[in-house]
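The lines below spell out each chain.
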Amino acid sequence: MANNSFYTVFDRDSWARLSDSDPLPLTEEDIARLAGTGDPLDIAEANTIYRPISTLLQLYVGAQASLAGYRSRFLGGPFNTVTPFVIGIAGSVAVGKSSTARLLAELLRRWPQTPRVELITTDGFLYPNAELERRGILHRKGFPESYNRRALIRFLAEVKSGAKRVTAPRYSHITYDIVPGEQQVVERPDILIVEGVNVLQPAGTYGRGATMAVSDFFDFSIYVDARPADIERWYLDRFLKLKNTAFLQPDSYFRRYADVPDDVALDIARQTWASVNLENLHANIYPTRGRATLIITKEADHRVHQIQLRKL
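Residues numbered from 1 in each chain as written. Predicted model: local features only at pLDDT ≥ 70, side-chain atom pairs only at ≥ 80, totals over all residues. Heavy atoms only, no water.

Draft legend 1. Molecular detail of the side chain of Glu45. Tracing the chain through its elements places Glu45 in helix H3 (residues 43-74). Leaving out residues up to four positions away in the same chain, Glu45 has contacts with Arg12, Tyr50, His302, Arg303 and Val304. (Helix = DSSP H or I, 4+ residues; strand = E, 2+ residues; numbered from the N terminus. Contact = heavy atoms within 4.5 Å.)

Draft legend 2. The arrangement of the environment of Leu18 in detail. Looking at the element boundaries, Leu18 is found in the loop between helix H1 (12-16) and helix H2 (28-34). Taking the relative accessible area as the measure of exposure, Leu18 reaches 51% and is therefore exposed. Taking the C-alpha atoms as reference points, Leu18 and Asn47, 29 residues apart in sequence, are found 11 Å from one another. (Buried < 20%, exposed > 50% of the residue type's maximum accessible area, 1.4 Å probe, protein only.)

Draft legend 3. Spatial organisation of the nonpolar core. Counting 82 residues, the largest nonpolar core has Tyr50, Ile53, Ile87, Phe155, Ile193, Phe220 and Ile222 as the members making the most contacts within it. In terms of residue count, H3 provides more of this core than any other element does, 8 residues in total. (Core = buried A, V, L, I, M, F, W, Y, C linked by side-chain atoms within 4.5 Å.)

Draft legend 4. Fine view of the packing of H3 against helix H4 (residues 97-109). It is the contact of H3 with H4, at a shortest axis distance of 10 Å, that shows an interaxial angle of 60°. In terms of their interaxial angle, H3 and H4 are classed as oblique. Note that H3 runs across H4; the crossing there is right-handed. For the pair formed by H3 and H4, the contact residues are Ala46, Tyr50, Arg51, Ile53, Ser54, Leu57 and Gln58 on the first element and Thr100, Leu103, Leu104, Leu107 and Leu108 on the second. (Axes fitted to C-alpha atoms, helices over the stretch in contact; angles between N-to-C directions. Parallel < 35°, antiparallel > 145°, perpendicular 65-115°, else oblique. Left-handed = near helix turned anticlockwise from the far one by under 90°.)

Draft legend 5. Expanded view of the packing of helix H7 (residues 228-243) against helix H9 (residues 262-285). Look at H7 against H9: their axes get within 10 Å of each other, and the N-to-C directions meet at 135°. In this view, H7 runs oblique relative to H9, as classed from their interaxial angle. Between H7 and H9 lies a crossing whose hand is right-handed. On the side of H7, the interface is formed by Pro228, Ile231, Glu232, Tyr235, Leu236, Phe239, Leu240 and Lys243, while H9 contributes Asp262, Ala265, Leu266, Ala269, Arg270, Thr272, Trp273, Asn277, Leu278, Leu281 and His282. A breakdown of the residues in the contact of H7 with H9 according to their chemical character gives 12 nonpolar, 3 polar and 4 charged. (Nonpolar A, V, L, I, M, F, W, Y, C, P; charged D, E, K, R; others polar.)

Draft legend 6. Layout of the packing of aromatic side chains. In the structure shown here, the tally under the stated rule is 12 aromatic pairs. Each ring, one from Tyr176 and one from Tyr253, has its centre 4.6 Å from the other, and the planes form 35°; the classification is tilted. Here the residue Tyr176 occupies a position in the loop between strand E5 (166-172) and strand E6 (177-186), and Tyr253 occupies one in the loop between H7 and helix H8 (255-258), the gap between them amounting to 77 residues. Take Tyr176: its relative accessible area is 23%, and that puts it in the partly exposed class. (Phe/Tyr/Trp six-rings, centres within 6.5 Å; stacked < 30°, edge-to-face > 60°.)

Draft legend 7. Spatial organisation of H7. Across its 16 residues, H7 extends 22 Å between first and last C-alpha, which sits within 8% of the 22 Å expected from 1.5 Å per residue. Within the sequence span of H7, burial applies to Asp230, Ile231, Trp234, Tyr235, Leu236, Phe239 and Lys243. For H7, the elements touching its buried residues are H8, H9 and strand E9 (294-298). (Expected span 1.5 Å × (residues − 1).)

Draft legend 8. Geometry of the pairing of E9. The buried fraction of E9 is high, at 5 of 5 residues. Side-chain alternation along E9 places Leu294, Ile296 and Lys298 on one buried face and Ile295 and Thr297 on a second face that is also buried. Where strand E8 (residues 220-225) lies against E9, 4 bridges are found, and the strand directions are parallel. Bridging across to E9, Asp225 finds its partner in Thr297. Strand direction decides the pairing type here: E9 and strand E10 (residues 304-310), joined by 5 bridges, are antiparallel. When the bridges of E10 are listed, Lys298 appears paired with Val304. Hairpin connection of E9 to E10: 5 residues between the antiparallel strands, including His302 at a positive phi of 80°. (Pairing = 2+ DSSP bridges.)

Structure follows, in C-alpha cells:
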C-alpha cells in the first residue's frame, strides 16, 4: 500500500486482504455469464479485486443510510430517509467497464442489505442515429455532445428523489441505435449503477449554462483504466470476435463488415479506433479519471494490478 496526494494506492495482494473474511458469493458459471466479449474475467479475478470492492461499497451504502437517519432526526422527520445509492462507472470503450458493472451489480445483489440493484448504461441516452445525422455528429457518437444530457439528468433526479417508477430508453448494440418504443424500468432500487464512457464529465463540458453534471448524482464512482495501446488491442480483438458472431445477424448495423476479409475489417476498426475512440479517450474520458472515488488499473492481460482509493 502506498500514498499519493489524492489517493491511497493498493497492489493486488494488499487489496485482496482487505476483506478476507467475506466469501465470494458467485460461482464460475456466474462469472462466465457476466464476462464481456474479449474480457477474460475469471473467478480468481472476481475474488481478488471485485469482492473487496463490493465490501467497500456496502460500507458506503450503510454510512449513507446512517447519515439519512441522523439527518431525519435532526430535521424532526419523518422524511424520505434513504434514497437509492448511485454508482457511476466510467472508462474507455473496450476497457472492460461493462463487465465491471455487471459483476459488481451481481455481487451487490447477493448482500442481504441491497437485494434490489439496477444497472443502466448511458447508451440509452444517446440521441437516435437520425438525430445525430441531422446534427452532423453521427461520426462523434459517444462524445459528450451525442448524449441527451438533459434526459439523463432528469432520469437520475427522479431515481434519486425516490420516484416509484422511472424509465430509460433502451439501446441495441445490434442495430446500433435507440430501440423505438422500448424502455428499461427502474423501480426504487437500493443501488443504481450507471455505466458509460463519459459519466464523470463536469457540467461545463456539455455547453454553456450547464449547472449540473451527471456525476452530481453519484455517491461513489469508479474509473476503469489501462494503457491506450492495450485498450486498442482489446478493441481490435473484440471487433474480430463480433465480426464472426453478432455482425452476422441480418439486422446488425455492422452486417457489411461480416463478409469482408479479417485484415480489411481490422484496418477499418483501426481507423475507427484512432479517429473516434482514441480521440474521445484523450479529449473527454481520461481527463475525468481524477474525479473518480476508485480507480481500477489493468495490465496488458486484463488483470487488475493496482487499485487507487480517493482519500476521505
